[in-house]
Amino acid sequence: MRYRNFRRSDGQTLAAHDGSVWKDLGDTSLVALIKEGRISDRSLVDSAPELDMTGLRLLPPVSVPGKVICVGLNYVDHAKESPYEGIPKYPAFFPRFSSSLIADGDPIIRPFISEELDFEGELAVIIGKPGRHIAEKDALDHVAGYSVFNDASIRNYQFLGVQWTPGKNFDDTGAFGPEFVSADEVPAGAKGLKLETRLNGKVVQSANTDDMIFPVDRLIALASTFTTLQVGDVIVAGTPAGVGFARKPPLFMKDGDVVEVEIEKIGTLTNPVRDEIKASKRALAP
Ligand code: MG
């Protein structure tokens, strides 16, 4: 099943697609439904009214995840284009704060202190069962479903220090959505899916999830050795080759651009790009 999460003036609304229209499940949340074991329960959707889009604004599929664990250098070609030696023997895990997340359609904001805003199309894995020290053979039982992520990065801040947290956590840079797709809708571990990033309609990244160095089950096993994974936590599984900073000349995103990340069977995440100063002026306009 496919879900979208909306904000309305008096709270949130979860919507599910019944195959032809979006249905209104009310003020429940995806995390609540996962915990109740009902994300693939058709009866819930069949009995719900059709969604009235009036006054609704799309949110990320999980609006405030407890943890967003990102993975760097998880595709061989991307590892080779990055300023590091060899292929990683252990995932380059780093955190993303929930406060950096935005929805499909929201502008990715280029901060006025940098001209190095880069795209990173990625698979997002949403955890459906808590666990610590999860064995790789059991790991996919802990996946509720998948979504699409653009791990937009401020490159000069990413490489200012010895780790990447600042450059990966600017406000309004973690695009996530538009929808959550339950794990039963895609191949196990989301394997074999085409991933493509387009900037202003031009393909800039094209890969397959099969190309990941550490696949979804391995990432879950390795992440759960140091932290308890909780329902609604998100693992962002890394980006393939083609990012802007590795190009000659570099290709960074700027005000007026539109960036799309499409993953086969999961969806297409589309975001405009805006400069911080211009966005602020717009917000102040009547
Ligand atoms: Mg990334």
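> It is not clear to me how empty space enclosed by the protein should be interpreted in this structure. Could you clarify?
Which parts of space are left empty comes out when a probe the size of a water molecule is rolled across the atoms. All chains considered together, the criterion is met by one cavity of 30 Å³ or more. In this structure, the largest cavity spans a volume of roughly 80 Å³. What lines the largest cavity is a set of 17 residues, among which Leu-73, His-78, Glu-120, Gln-158 and Trp-164 lie closest to the centre. Class assignment for the residues of the lining of the largest cavity results in six nonpolar, six polar and five charged.

> Looking at this model, I keep getting lost on a nonpolar patch on the surface. Mind explaining?
Together, Phe-112, Ile-113 and Ile-277 make up an exposed nonpolar region whose accessible area comes to about 310 Å². Tracing the sequence through the fold places Phe-112 in the loop between strand E8 (108-110) and strand E9 (117-118). By relative accessible area, which is 57% here, Phe-112 ends up exposed.

> Looking at this structure, I do not really get the coordination of the magnesium ion. What am I missing?
Angles at a metal have ideal values that depend on geometry: 109.5 degrees with four tetrahedral donors, 90 or 180 degrees with six octahedral donors. Taken together, Glu-120 (OE), Glu-122 (OE) and Asp-151 (OD) make up the full set of protein donors to the magnesium ion, lying 2.0 to 2.1 Å away. Sequence spacing of the donors to the magnesium ion: E-x1-E-x28-D. Within this pair, whereas Glu-122 is found in strand E10 (residues 121-127), its partner Asp-151 is found in strand E11 (residues 143-151), the two being separated by 29 residues in sequence. Note on accessibility: Glu-122 and Asp-151 belong to one class, buried.

> In this structure, what is going on with the packing of aromatic side chains? I would like to understand it.
Summed over the entire model, instances satisfying the criterion amount to eight aromatic pairs. Centroid distance Tyr-157 to Phe-170: 5.3 Å. Interplanar angle 75°. Geometry classified as edge-to-face. Note that Tyr-157 is positioned in helix H4 (residues 155-158) and Phe-170 in the loop between H4 and strand E13 (174-176), a separation of 13 residues in sequence. Taking relative accessible area as the criterion, Tyr-157 reaches 25% and is therefore assigned partly exposed.

> Honestly, the nonpolar core in this entry has me stumped. Any pointers?
For soluble globular proteins, nonpolar side chains are generally found buried alongside one another. Residues Leu-123, Tyr-146, Ile-220, Ile-235, Met-253 and Ile-266 are the most contacted members of the largest nonpolar core, which totals 45 residues. Elements with a contribution of two residues or more to this core: strand E5 (68-72), E10, E11, strand E15 (194-199), strand E16 (202-208), helix H5 (216-223), strand E18 (258-263) and strand E19 (267-275). Per-element accounting of this core gives the leading share, five residues, to H5. The residues contacting Leu-123, other than those within four sequence positions of it, are Tyr-146, Ser-147, Ala-190, Leu-195, Met-212, Val-216, Ile-235, Val-236, Ala-237, Ile-263 and Ile-266. Residues Leu-14, Leu-30, Val-45 and Ala-79 belong to the second largest nonpolar core, which totals 29 residues.

> Help me understand the sheet that holds E19 in this model?
Backbone hydrogen bonds are what pair the strands of a sheet, in a parallel or an antiparallel way. Pairing is mixed in the open sheet, where five strands are placed in the order E8-E19-E18-E15-E16. Both outer strands of the open sheet, E8 and E16, are each paired with one neighbouring strand and no more. Strand after strand, the sheet turns through a mean of 20° between neighbouring axes, direction not considered. The pairing of E15 with E18 spans five bridges and is classified as antiparallel. Bridge pairing links Leu-199 to Val-259 in E18.

> Just to check I follow, could you spell out H5 for this structure?
Residues spaced three or four apart along an α-helix point in a common direction, a consequence of the helix completing one turn every 3.6 residues. Counting buried positions along H5 yields seven of eight residues, so the element is predominantly enclosed. When H5 is considered as a whole, its buried residues turn out to be Val-216, Asp-217, Leu-219, Ile-220, Ala-221, Leu-222 and Ala-223. Looking at the buried residues of H5, the elements they touch are E5, strand E6 (92-96), E10, E11 and strand E17 (234-236).

> Please clarify how the pattern of salt bridges should be interpreted in this entry.
Pairs can form between side chains of opposite charge once their charged atoms are near each other. Going through the model one piece at a time under the given rule, you end up with 22 salt bridges. A salt bridge links Arg-155 to Glu-120, with the nearest nitrogen and oxygen atoms 2.8 Å apart. Placement of the pair is Arg-155 in helix H4 and Glu-120 in the loop between E9 and E10, with a sequence separation of 35 residues. Side by side, Arg-155 and Glu-120 carry an identical accessibility label, which is buried. Among the salt bridges present, the one from Arg-198 reaches Glu-262, with a minimum N-O distance of 3.0 Å. Taken together, the residues span a long stretch of sequence, with Arg-198 in strand E15 and Glu-262 in strand E18 at a distance of 64 residues. On the basis of relative accessible area, Arg-198 is assigned to the buried category, the value being 13%. Of the residues examined, Glu-262 reaches a relative accessible area of 33% and is grouped as partly exposed.

Thresholds, definitions, all that
Within any chain, residue numbers begin from 1 and follow the written order of that chain's sequence. Per-residue local features are limited, in this predicted model, to residues with pLDDT of at least 70; the limit for side-chain atom pairs, both in listing and counting, is 80 or more; totals at the level of whole chains, interfaces and linings are taken over all residues. Side-chain metrics in this entry use all non-hydrogen atoms of the structure; hydrogen atoms and water are not considered. Here a cavity means grid points, on a 1 Å grid over the protein atoms only, where a 1.4 Å probe fits yet cannot get out; a pocket means an open set of points with protein on both sides within 12 Å along at least five of seven lines; lining residues are those with an atom within 4 Å of a point. Grid points are joined across faces, edges and corners, and a volume is the space filled by probe spheres set on the points. In this classification, Asp, Glu, Lys and Arg are treated as charged, Ala, Val, Leu, Ile, Met, Phe, Trp, Tyr, Cys and Pro as nonpolar, and every other residue, Gly included, as polar. To count toward a patch, a residue needs a relative accessible area over 30% and no salt bridge; like charges are then connected within 9 Å, while nonpolar side chains (Val, Leu, Ile, Met, Phe, Trp, Tyr) are connected within 5 Å. The Shrake-Rupley method, run with a 1.4 Å probe, gives the accessible areas here. Residue values count only the displayed protein chains as cover. Salt bridges are defined as contacts in which a side-chain nitrogen from Lys or Arg sits within 4 Å of a carboxyl oxygen from Asp or Glu. Here a strand is any run of E in DSSP of at least two residues, a helix any run of H or I of at least four, and the numbering for each starts at the N terminus. Burial status follows relative accessibility: with a 1.4 Å probe on protein chains alone, a residue under 20% of its type maximum counts as buried, one over 50% as exposed, and anything between as partly exposed. Only nitrogen, oxygen and sulfur atoms qualify as donors, and only when within 2.8 Å of the metal (3.2 Å in the case of Na, K and Ca); with water excluded, sites may look incomplete. Pairing of aromatic rings covers Phe, Tyr and Trp, the last through its six-membered ring, and needs centres within 6.5 Å; plane angles under 30 degrees mean stacked, over 60 mean edge-to-face, and all others mean tilted. Here, nonpolar core refers to any group of buried Ala, Val, Leu, Ile, Met, Phe, Trp, Tyr and Cys residues whose side-chain atoms link them within 4.5 Å. Any two residues whose heavy atoms approach within 4.5 Å are treated as being in contact. Paired strands, in this sense, are two strands between which DSSP finds at least two bridges. Note on geometry: axes are lines fitted to C-alpha atoms, helical ones only across the stretch in contact, with angles between N-to-C directions running from 0 to 180 degrees.

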